[in-house]
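Coordinates in review
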Amino acid sequence: MKNRYYYHWILDTDNNVDTGYKNSEYEGNATNVTPIGVDVVVMIGWRDGNPNGVEVYNPLTEELFAENFDFEADGDSMEAVVPLEAIGANEGDTIAFSAFQEGASDDWLEPATLRLVSGPAAVEYEDKLATTWADIKLR
Ligand SMILES: [Ca+2]
C-alpha cells in the first residue's frame, strides 16, 4: 500500500451548521453535499501500510483533542474508540455527521443526524435505503 488514505468522520457536535467548518467546500473545491458545521474531525490516516495521523481535532483551530486512539478496519467497516469528552459531546446528544476520504479518490458522504446512545443507528437519507451506518458502544 503505497497510496495514502485519510478517512475522516466529521462531526457537527452542536448540530448547528453556523458553527465550525462548513463541508460544502474542501481546499477550494465544491463537495456537492448538504453542508454541516463541523466542530470535530476524527481522522484515521494510513500511509505505506502504517497508521499516519490518527487524531481527533478542531478543523478551524487544529487544536488536538486526542490521538492514537484504538481503531480496527475490516472490509467496508471501521471501528474507532474515541472518548465522548474528546469530541465535546455527551450521551444522548444529537449530532450531525458525515464522512469523507482523501487518497486514491476523494469521496464525500451526505450528512445524517445521529443520537449518541448505545446500539445500532439506522440512517435513511435521500433516495437510498435505510442502512445501518453506526453502532455506538458506550463504555
Ligand atoms: Ca456546528
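Analysis parameters
Residues numbered from 1 in each chain as written. Predicted model: local features only at pLDDT ≥ 70, side-chain atom pairs only at ≥ 80, totals over all residues. pLDDT = per-residue confidence, 0-100. Helix = DSSP H or I, 4+ residues; strand = E, 2+ residues; numbered from the N terminus. Pairing = 2+ DSSP bridges. Core = buried A, V, L, I, M, F, W, Y, C linked by C-beta atoms within 7 Å. Buried ≥ 20, exposed ≤ 12 C-beta atoms within 10 Å, placed from the backbone. Contact = placed C-beta atoms within 7 Å.

This paragraph deals with the confidence of the model for the protein. When pLDDT is averaged along the protein, the result is 85; 86% of the residues meet or exceed 70. Looking at the elements of the protein, mean pLDDT is at its lowest for strand β15 (residues 131-136), recorded as 60, and at its highest for strand β5 (residues 37-38), recorded as 97.

We now examine the pairing of strand β10 (residues 77-80). Inspection of the sheet shows strand β9 (residues 71-74) paired to β10 by four bridges, in the antiparallel sense. Looking at β10, one finds that Asp-74 is bridged to Ser-77. In sequence, β9 turns back onto β10 through a hairpin of two residues, with Gly-75 there showing a positive phi of about 60°.

Next up on the list: the nonpolar core. In terms of nonpolar packing, the biggest core is built from 14 residues, with Ile-10, Leu-11, Val-40, Val-42 and Phe-97 touching the most fellow members. Elements supplying a minimum of two residues to this core: β1 (4-12), β6 (40-47) and β11 (94-102). Discounting chain neighbours no more than four positions away, the residues touching Val-42 are Trp-9, Leu-11, Val-56, Ala-80 and Val-82.

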